[in-house]
Every structure is written in C-alpha cells, then in structure tokens.
Amino acid sequence: MSLINENFLDLQESYLFSTIAKKVEKFTKENPDKKIIKLGIGDVTKPIVPACLEAMHKAVEEIGTKHGFKGYGPEQGYEFLRNVIVENDYQARGIDIDADEIFVSDGAKCDCGNIVDIFAQNNKVAITDPVYPVYLDTNVMSGRAGSFKDETQTYENIVYLPVTAKNDFKPELPKEKVDLIYLCFPNNPTGTVLDKEELKKWVDYAKENQAIILYDAAYEAFITQKDIPHSIYEIEGAKDVAIEFKSYSKTAGFTGVRCAYVVIPKNVNGYTKTGEKVSLNKLWKRRTSTKFNGVSYIVQKAAEATYSEEGKKQIKENINFYLRNAKIIKEGLEQAGFTVYGGVNSPYIWLKVPEGLTSWEFFDKLLEEVNIVGTPGSGFGPSGEGYFRLTAFGTKEDSIEAIERIKKGF
Ligand code: MLT
C-alpha cells in the first residue's frame, strides 16, 4: 500500500491564485460579452526587452553549432551569470558576495518552496501575515505547520506576525523564540517596505536566537525611495543569518522564461541536534546538484543581458511603466475614497475594502459589477481580511479603465 504524505491533507483546498483563476473562468463562461480587466496575479504584460531577446537568439544559434553546443550546465548556474550578479546586484551596492554563494534557478517561487528541504521538521517558523502563500503552504507540506484552526484561520505551529495599518505594516519581533523567519520586502501583498533600522532589528534577532531569515527580495527593482535597502545584506551582520531570494520575473519580464537566484553566504549556518554548525551553502549545493540540472543556457544568457547597458536601460523603462500604473491606480483609488497602501516602492496596491464587506465579498462585487479581478487580502492570511490587492502589471489602458470603472461603480 502506498502511503501518502498526509501533510498535504492539511493544506487549504487550493492554491490562492488557482482558486481565483477558477472563479474568473466560471464568470467568463457565464458572461462571454464582458471585458474583464485582470489585476489579480502579479504577472507582467510587457514583452521581454530587446537586449534579452537578442541574447537568447544568439544563444539559440550558438547551441546549434558543433563548438557552441551545450549539454548539462553547472547546477549552480554558469559562471558568466553568477559573476555579473555579484558585480551588479551586490558589489555595486558595496556588498561583498562571492560567485559561489549564488545559485541560479528557475524561479523564486521554486526556491522559496524548496528551501524547506534543508531544514529540520521541528523548526519553529514565523511568517508575516498577510503573506505570499508559498512560504506557508510549503511548510504545511513538509509537516512544520500542525493542524489548521478554523476559528483563527491559522496553523497551530506557525507564528503569525501581523502586518496591518495598525502597526504601519512593520512586523513586530515574535514573543516566542522562532528558528526560521520569512520576510519579503518590498512586501507581497501589501506593497510596503522596511527601512534599514527596522530590518536591522530582524538581523539582530536572528543572531541572538540562531535563527535564519529567508528574505524574498523579488520586488527590489521597484524601490523608488533612497533609504530603503535593496538587499538584506545591506544590513550589518545579515551575511551570517540571511538567505536572499531574487528573481528576474517581475524585473525583466521572465515570469514565463523562468530565471531567479538564491544567495547563501558561506557564513550562514544551521545546527545539528547536538549543536554542531553546518554550512547551509553546502547543504543547498548538495541538494541542488541532486535535484536540479540547472537553468537552460539560453535563459541564463538572457538573464546575463539584463545587466548590459542596453538591458538595464530597457528594464528600467519597463519598471517605470509599471510604477506609473501603480500611481494611476493608487491615486485613482484615493480619489474614489479608498484608503490605499503600497504602490510607491512596489507594483502592488493594497487597499481597505469598503466597510461591511469581507475581502472575498469585495472580490465578487468587483468581478460581477465592474468586471475587475483582484486578489482578496484574506487569501494571504487572516490579517489580510478587510484588504484587497491590485497589481500594476497590467497595461496602462487597463489600469486607467479599471479606475474609471471603480469610480463609477462605488
Ligand atoms: C503574486 O501575484 O503574488 C505573484 O505573482 C505570485 C508569484 O510570484 O508566484
């Protein structure tokens, strides 16, 4: 008899964005004449920039030649890409990271999900609430969450750190000792950021408690304010306690192409039951070489091109385009009387739903009455109740029209 991993039975019925997609599909079938504007899942709409396309084309030609053909690549990523990551994303910010501390992958979602493999089941996990569902669900799957409590909509073994307007979207340090801490800034879903002082509190906590920070910086390219850190390694001491996740998805439009990377500095250690230090870089390397054969050469060449002069310029234009959409949505919602957060250092706009409605009720109302898809805050966790997320990744026309419809409809 094949026994299943029963932890999967503790998951909520379906992944948030799949639930939304199903609801939208049903509505579309029943209302084929309605033009739906999708500002739900954070998927980009601008095509891959010319610099990356050109690099991909060249790589395609190259692998068709006798000398340019590539078989399996290095599991950790080609050196040409890891070197430009180090130069541009770290050294340029005064951060000292080595190429062998970078692991190129096929996406930050996979990395954030897979990282749980190298940690023991009995680690105490803290997540901000609301949160990108992948952090929670992958800990449920791997048996760290315990059972789900309907009354509180929380898992018994997870420490939830509320981030709401009440605490200005700054998570407070946990009252009980935790071992793994997920932080994402600029935050998905709230679009808010932490300054260096706030982030330092977490690094200090992790150092004092021999905890690890799993820092998701997938949205750092959207930071517009000068004093906001782009990497956790801008904080003193973080190289001893933090793993950082970066992605080309939202930055360079790679949601379909797939490329990201994880940084695990060699000083970051976990512990055995008997208290011996073990390098997490070494463990992740071992895991990667066993379970992964690397990202395709073509894709890594495209990622390399994001750091060329042309690539940087073209990508900046796209980011600015999405940030202008964010401004249109944010200001439009404010004019319509909504209280709005995020949207300044982030492509996500987080709004308070009108009094008397739950996040899902607001989702239904938006879909049915003005044909706009967003993401209900409660889908990201209990503290997301009463909030709603819209993304700036749509087209300019859609962003403008969405706001016009909301202004008329509410
Ligand atoms: C989101 O909408 O939160 C993201 O697109 C999901 C993801 O990056 O996987």
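## Describing unusual backbone geometry
At step 1: The omega torsion across Asp 129 and Pro 130 is 5°, close enough to zero to call that bond cis.
At step 2: Of note, Pro 130 is situated in the loop between strand S3 (125-129) and helix H5 (133-141).
At step 3: Across the junction of Phe 185 and Pro 186, the peptide omega takes the value -5°, indicating a cis bond.
At step 4: With respect to the element layout, Pro 186 can be found in the loop between strand S7 (180-184) and helix H6 (196-209).
At step 5: Positive phi outside glycine occurs at Gln 153, with the angle close to 60°.
At step 6: Along the chain, Gln 153 turns up in the loop between strand S4 (148-149) and strand S5 (154-155).
At step 7: Of note in the backbone geometry, Asn 371 takes a positive phi value of approximately 55° without being a glycine.

## Brief notes about the packing of helix H3 (residues 79-90) against helix H9 (residues 297-305)
Axes are the key here: two packed helices are described by the angle between their axes and the distance separating the axes.
At step 1: Remark: H3 packs on H9, axes separated minimally by 9 Å, with the N-to-C direction vectors making an angle of 25°. Between H3 and H9, the interaxial angle falls into the category roughly parallel. Judged by the sense of rotation from one axis to the other, the crossing of H3 with H9 is left-handed. In this structure, H3 uses Phe 80, Leu 81 and Val 84 to contact H9, whose residues at the interface are Tyr 297, Gln 300, Lys 301, Ala 303 and Glu 304.
At step 2: In terms of residue class, the contact of H3 with H9 is built from five nonpolar, one polar and two charged.

## A look at helix H12 (residues 396-409)
For the α-helix, the turn length of 3.6 residues means that residues three or four positions removed from each other point alike.
At step 1: In this model, H12 (14 residues) spans 20 Å end to end at C-alpha, consistent with the 20 Å of a helix rising 1.5 Å per residue.
At step 2: Where H12 is concerned, the buried positions are Ser 399, Ala 402, Ile 403, Arg 405 and Ile 406. Seen end-on, H12 carries its buried residues on one side only, within an arc spanning 160°. In H12, the exposed positions angled more than 90 degrees off the buried face are occupied by Glu 397 and Lys 408.
At step 3: Structurally, H12 contributes buried residues whose contacts are with strand S1 (37-38), helix H10 (309-335), helix H11 (359-370), strand S15 (372-373) and strand S17 (387-391).

## Some points on the packing of helix H1 (residues 16-30) against H11
At step 1: For the pair H1 and H11, the least separation of the axes is 11 Å and the interaxial angle reads 35°. Here H1 and H11 pass one another in a crossing that is right-handed. When H1 is examined against H11, the residues Leu 16, Thr 19, Ile 20, Lys 23, Val 24 and Phe 27 are found in contact with a partner set consisting of Trp 360, Phe 363, Asp 364, Leu 367 and Glu 368.
At step 2: Within the contact of H1 with H11, the residues separate by chemical class into seven nonpolar, one polar and three charged.

## Observations regarding the sheet that holds strand S13 (residues 340-342)
At step 1: The antiparallel open sheet is built from four strands, whose spatial order is S13-S14-S17-S16. Strands with a single pairing partner mark the edges of an open sheet, and in this sheet they are S13 and strand S16 (375-376).
At step 2: Pairing geometry for S16 and S17, over two bridges, is antiparallel. In the strand pairing of S17, Thr 375 is matched with Arg 389.

## Brief notes about the environment of Pro 229
At step 1: One can find Pro 229 in the loop between strand S8 (212-216) and strand S9 (242-247).
At step 2: Overall, Pro 229 belongs to the buried group, its relative accessible area being 2%.
At step 3: Taking C-alpha positions, Pro 229 is 8.8 Å from Val 193, a pair spaced 36 residues apart along the chain.
At step 4: Not counting the four nearest positions on each side in its chain, Pro 229 is found in contact with Leu 194, Asp 195, Lys 196, Leu 199, Ile 223 and Glu 234.

## Observations concerning the domain arrangement of the protein chain
At step 1: If you check the domain split of the protein chain, you get domain 1 (6-47 + 310-409) and domain 2 (53-308).
At step 2: Taken over C-alpha atoms, the centre of domain 1 sits 24 Å from the centre of domain 2.
At step 3: Each partner contributes to the interface: domain 1 provides 35 residues, whereas domain 2 provides 48 residues.
At step 4: When domain 1 packs against domain 2, close to 3,300 Å² is buried across both sides, 61% of that on carbon and sulfur atoms.
At step 5: By the criterion of area lost to domain 2, the three top residues of domain 1 are Tyr 15, Asn 345 and Phe 380, representing 20% of everything that side buries.

Conventions adopted
- Residues numbered from 1 in each chain as written.
- Predicted model: local features only at pLDDT ≥ 70, side-chain atom pairs only at ≥ 80, totals over all residues.
- Heavy atoms only, no water.
- Helix = DSSP H or I, 4+ residues; strand = E, 2+ residues; numbered from the N terminus.
- Axes fitted to C-alpha atoms, helices over the stretch in contact; angles between N-to-C directions.
- Parallel < 35°, antiparallel > 145°, perpendicular 65-115°, else oblique.
- Left-handed = near helix turned anticlockwise from the far one by under 90°.
- Contact = heavy atoms within 4.5 Å.
- Nonpolar A, V, L, I, M, F, W, Y, C, P; charged D, E, K, R; others polar.
- Expected span 1.5 Å × (residues − 1).
- Buried < 20%, exposed > 50% of the residue type's maximum accessible area, 1.4 Å probe, protein only.
- Arc of directions from axis to C-beta.
- Pairing = 2+ DSSP bridges.
- Domains from an automatic or database assignment.
- Buried area = accessible area lost by both parts, 1.4 Å probe.

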